[in-house]
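# Structure assessment
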Amino acid sequence: MHRIGIGTDIHRLVAGRPLIIGGVRIESELGADGHSDADVLLHAATDAVLGALALGDIGAHFPNDDDRWRNAESSQFLRHAVDLASQQGYAIENLDSVIDLERPKLRPHIEAMRNNLAEALNVATDRVSIKAKTGESVDAVGEQRAVRAQVIVLLSRRGV
Ligand code: MG
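A short tour of the structure in this document, coming up. (Residues numbered from 1 in each chain as written. Predicted model: local features only at pLDDT ≥ 70, side-chain atom pairs only at ≥ 80, totals over all residues. Heavy atoms only, no water.)

## Observations concerning the coordination of the magnesium ion
Every protein donor of the magnesium ion is listed here as Asp9 (OD), His11 (NE2) and His43 (ND1), and their distances to the metal cover 2.1 to 2.2 Å. Spacing between the donor residues of the magnesium ion along the chain follows D-x1-H-x31-H. Taken as a pair, His11 in strand S1 (residues 2-15) and His43 in helix H1 (residues 40-52) lie far apart in primary sequence, 32 residues in all. Given a relative accessible area of 11%, His11 falls into the buried group. (Donors = N, O, S within 2.8 Å, 3.2 Å for Na, K, Ca; no water. Helix = DSSP H or I, 4+ residues; strand = E, 2+ residues; numbered from the N terminus. Buried < 20%, exposed > 50% of the residue type's maximum accessible area, 1.4 Å probe, protein only.)

## Some thoughts on H1
Here H1 spans 18 Å end to end across 13 residues, near enough to the 18 Å set by a 1.5 Å rise per residue. Those residues of H1 that sit buried are Val40, Leu41, Leu42, His43, Ala44, Ala45, Thr46, Asp47, Ala48, Val49, Leu50 and Ala52. (Expected span 1.5 Å × (residues − 1).)

## Some remarks on the side chain of Arg17
Assignment of secondary structure puts Arg17 in the loop between S1 and strand S2 (19-21). Look at Arg17: it is buried, it has no salt bridge, and the nearest opposite charge is Asp33 at 4.3 Å. Within polar-contact distance, the side chain of Arg17 engages the backbone oxygen of Ala32 at 2.9 Å. Among the polar contacts made by the side chain of Arg17, one reaches the main-chain carbonyl oxygen of Ser36 at a distance of 3.0 Å. Dropping the residues within four chain positions of it, Arg17 is found in contact with Leu30, Gly31, Ala32, Asp33, Gly34, Ser36, Asp37, Ala38 and Asn71. (Lys, Arg positive; Asp, Glu negative; His and termini not counted. Salt bridge = Lys/Arg side-chain N within 4 Å of Asp/Glu carboxyl O. Polar contact = N/O pair within 3.5 Å; in protein donor to acceptor, adjacent residues only side chain to side chain. Contact = heavy atoms within 4.5 Å.)

## With respect to the layout of surface pockets
Roughly 220 Å³ of volume is contained in the largest pocket. In terms of lining, the largest pocket is formed by 14 residues, of which the most central are His35, Ser36, His43, Phe62 and Asn64. Mapped by element, the contributors of at least two residues to the lining of the largest pocket are S1 and helix H2 (58-61). When residues in the lining of the largest pocket are grouped by element, the largest group, three residues, is from S1. (1 Å grid on protein atoms, 1.4 Å probe; cavity = no way out; pocket = protein on both sides within 12 Å on 5 of 7 lines; lining within 4 Å. Points joined across faces, edges and corners; volume = space filled by probe spheres on them.)

## Quick word on unusual backbone geometry
Note that the residue after Arg103, namely Pro104, is joined by a cis bond; omega there is 0°. Within the secondary structure, Pro104 sits in the loop between strand S5 (90-100) and helix H4 (110-121). A positive phi is found at Ala54, a non-glycine position, where the angle reads about 55°. With respect to the helices, strands and loops of the structure, Ala54 is situated in the loop between H1 and H2.

## Here we look at the packing of aromatic side chains
The description of an aromatic ring pair uses the distance of the two centres, along with the angle that the planes make with each other. The tally for this structure, following the rule as stated, stands at three aromatic pairs. Taking the centre distance of 4.9 Å and the plane angle of 85° together, the rings of Phe62 and Trp69 count as edge-to-face. You'll find Phe62 and Trp69 in the same group, each marked buried. When the centroid spacing of 4.4 Å and the interplanar angle of 35° are considered together, the rings of Phe62 and Phe77 count as tilted. Of this pair, Phe62 sits in the loop between H2 and helix H3 (75-87) while Phe77 is found in helix H3, placing the two residues 15 residues apart along the sequence. (Phe/Tyr/Trp six-rings, centres within 6.5 Å; stacked < 30°, edge-to-face > 60°.)

The following block contains the structure:
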């Protein structure tokens, strides 16, 4: 038995906030605005896993008006979703993702992000794919006003 899930997220880029993507803090003049640590990739990944389980979205599980999640490390959101999956007998088969950010270049950080995601997902790193794109100077990403992530995930349940 397999289940597939999709997740997307976008955060505004502002001065005075850290830029944390895939659990990696990236040197940048602009950071992601948000209630938690505003990790766009981990939020989209959490929504993808929840989506595969048809268990709603990250906002339903972790409301952004709840002070418990202020500046929270977003890996806990993803781990919670993975726990819900394993309670139903599901494991992560693989995850593919795209991050849209104009600058800085993300390539030097991709391996660290993959390792972080793999750890949260309880899988080997070779099951986690992260691709980085720019906005080619157009739309909110290209104008450096936002960072966006898209994630798709496949879950499988053994013996079914
Ligand atoms: Mg978010």
